[in-house]
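These are the residues of each chain, in order.
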Amino acid sequence: MNSKKTILITGAAGFLGSHLCDRFIHEGFSVIGMDNFITGDKKNISHLDNHSNFRFIEHDVTEFIKIDGDLDYILHFASPASPIDYLKIPIQTLKVGSLGTHNLLGLAKAKKARILVASTSEVYGDPLVHPQPESYFGNVNSIGPRGVYDEAKRFQESITMAYHRFHGLDVRIVRIFNTYGPRMRLNDGRVIPAFMGQVLRGEDLTVFGDGLQTRSFCYVDDQVEGIFRLLFSEYSYPVNIGNPNETTILDFAKEIISLGNSSQKIVYKPLPQNDPLQRQPDITLAKQLLDWQPKVYRNQGMKITFDYFKGLTEEELYKKEHKDFSTYNKH
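Keep in mind it's a predicted model, so treat the numbers as computed, not measured.

Caption draft 1: Highlighting the packing of helix α3 (residues 90-111) against helix α4 (residues 147-167). It is the contact of α3 with α4, at a shortest axis distance of 8 Å, that shows an interaxial angle of 15°. In terms of orientation, α3 and α4 fall into the roughly parallel class. When the axes of α3 and α4 are compared, the crossing they make is right-handed. For the pair α3 and α4, the contacting residues are Pro 90, Thr 93, Leu 94, Gly 97, Ser 98, Thr 101, His 102, Leu 105, Gly 106 and Lys 109 in the first and Val 148, Tyr 149, Ala 152, Phe 155, Gln 156, Ile 159, Thr 160, Tyr 163 and His 167 in the second. In terms of residue class, the contact of α3 with α4 is made up of nine nonpolar, nine polar and one charged.

Dropping the structure here:
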């Protein structure tokens, strides 16, 4: 890759955003990271503070974005991604998917840059088709509690394609399925950090519903590779990137207990509203288009992730609240 290419990565201090910063710096790009730390964490990018190919701008993408100089690529990864977060900051979640995306598409148009937006498997809702191909339109409750995230991402896809069709903008859309790895937030409410945190704290593991709902987990390095290949492909429509190796939540809880050599019990709680019962990507398109498929087995990736969480301080391990969102809820 040309070392002079410049890429803007929004949500740079988030879990996925920070790994993307690392990858593009490794590939010789000049990386501009942008984040307002609403859910991101400065420590995720602290190792890049003095890197000659990294510049950071603290900014909320829902406000006007100004970048001096040339810009070749944009990765729009700014958004709360955890149900706990987006239920606490519903308006901000909708704004980053709508106003934020609009601002970044406008920036891409002005700079003649290629833009890749981060969509989600949540656009499929609680799917009636299994596994989910990109051609499936989804089964989404637009006014349910999860609608603030689902519809923000669906709108994001719509406006991205409108800019592509109307303005001829060079766009890419990745539909990300459950991804995990180091730098996940321990208390973000998602199943992997939740179970690992409970094991490390010696608590019983909480399973919602009967635990027979399924998820498919993709290790972060595989996800980043898929995104990287998609950005440099010539395909403008959505592409699923995820791991089709499906497991029930109950079996997964048992795996994590075994990983920690612990003997905790599993306790059951009611299933949250509109929580999808099945989630598995059809990655046929990614295989054909990008010659991509996940390479990291779940037992390998989970051990690396568990070791990362084991390395947290006691204060981080027992911290219940990640953020005070009160300043953002005035919007």
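Caption draft 2: Seen up close, the pairing of strand β1 (residues 6-10). In terms of burial, β1 is a largely internal element, five of the five residues being buried. Alternating positions in β1 separate into two faces, Thr 6, Leu 8 and Thr 10 on one and Ile 7 and Ile 9 on the other, with burial throughout. Here β1 runs beside strand β2 (residues 30-35); their pairing, made up of five bridges, is parallel. Considered in β2, the bridge of Ile 9 is made with Gly 33.

Caption draft 3: Region of the structure containing the packing of aromatic side chains. With the rule as written, the count across this model stands at 17 aromatic pairs. Both rings, one in Phe 24 and one in Phe 228, keep their centres 5.2 Å apart while their planes meet at 45°; by these two values the pair is tilted. Taken together, the residues Phe 24 in helix α1 (residues 15-26) and Phe 228 in helix α6 (residues 220-231) connect sequence positions 204 residues apart. As far as burial versus exposure is concerned, Phe 24 and Phe 228 are alike and both buried. With centroids separated by 6.1 Å and ring planes inclined at 20°, the aromatic side chains of Tyr 124 and Tyr 136 adopt a geometry described as stacked. Separated by 12 residues along the polypeptide, Tyr 124 in the loop between β5 (114-120) and α4 and Tyr 136 in the loop between β5 and α4 bring together distant segments of the chain. An identical accessibility class is assigned to Tyr 124 and Tyr 136; each is buried. Joined through ring pairs, the aromatic side chains of Phe 24, Phe 29, Tyr 73, Phe 228 and Phe 232 make up one cluster. Across from the ring centre of Phe 228, 4.2 Å away, lies the NZ or CZ of Arg 23, which sits over that ring.

Caption draft 4: Structural view of helix α5 (residues 191-201). Within α5, eight of the 11 residues are buried, leaving the element largely enclosed by the surrounding structure. Taken as a whole, α5 has its buried residues at Ile 192, Pro 193, Phe 195, Met 196, Gly 197, Gln 198, Val 199 and Arg 201. The secondary structure elements touched by the buried residues of α5 are β7 (179-180), β8 (205-208), α7 (249-259), α9 (298-310) and α10 (314-318).

Caption draft 5: View of the pattern of salt bridges. Scanning all chains against the criterion turns up 22 salt bridges. Linking Lys 5 and Asp 72 is a salt bridge whose minimum nitrogen-to-oxygen distance equals 3.9 Å. Of this pair, Lys 5 sits in the segment before β1 while Asp 72 sits in the loop between β3 (54-58) and β4 (73-76), and the two are 67 residues apart along the sequence. For the salt bridge of Glu 157 with Arg 175, the shortest nitrogen-to-oxygen distance reads 2.8 Å. Separated by 18 residues along the polypeptide, Glu 157 in helix α4 and Arg 175 in strand β6 (residues 171-176) bring together distant segments of the chain. Beyond isolated ion pairs, a larger network of salt bridges with shared partners links Arg 23, Glu 27, Glu 225 and Arg 229.

Caption draft 6: Local environment of the packing of α7 against α9. Close contact between α7 and α9 brings their axes to 11 Å; oriented N to C, the two are set at 55°. Classified by the angle their axes make, α7 and α9 are oblique. Of the two possible hands of crossing, α7 and α9 adopt the one that is right-handed. Across from Phe 252, Glu 255, Ile 256 and Leu 259 in α7, the residues of α9 making contact are Arg 298, Met 302, Lys 303 and Phe 306.

Caption draft 7: Highlighting the sheet that holds β6. The sheet built from seven strands is open, its strands ordered β3-β2-β1-β4-β5-β6-β11 with parallel pairing. Where the open sheet ends on each side, the last strands, each with one partner, are β3 and β11 (238-241). Here the average twist between neighbouring strands, direction ignored, is 20°. For β5 and β6, the ladder comprises six bridges, and the chain directions are parallel. Note that in β6 the partner of Leu 116 across the bridge is Arg 172. Against the sheet, α3 contacts β1, β4 and β5, and its axis sits at roughly 175° relative to β4.

Rules and cut-offs
Residues numbered from 1 in each chain as written. Predicted model: local features only at pLDDT ≥ 70, side-chain atom pairs only at ≥ 80, totals over all residues. Heavy atoms only, no water. Axes fitted to C-alpha atoms, helices over the stretch in contact; angles between N-to-C directions. Helix = DSSP H or I, 4+ residues; strand = E, 2+ residues; numbered from the N terminus. Parallel < 35°, antiparallel > 145°, perpendicular 65-115°, else oblique. Left-handed = near helix turned anticlockwise from the far one by under 90°. Contact = heavy atoms within 4.5 Å. Nonpolar A, V, L, I, M, F, W, Y, C, P; charged D, E, K, R; others polar. Buried < 20%, exposed > 50% of the residue type's maximum accessible area, 1.4 Å probe, protein only. Pairing = 2+ DSSP bridges. Phe/Tyr/Trp six-rings, centres within 6.5 Å; stacked < 30°, edge-to-face > 60°. Lys NZ or Arg CZ within 6 Å of the ring centre and 35° of its normal. Salt bridge = Lys/Arg side-chain N within 4 Å of Asp/Glu carboxyl O.

Honestly, it's all geometry; don't read function into it.
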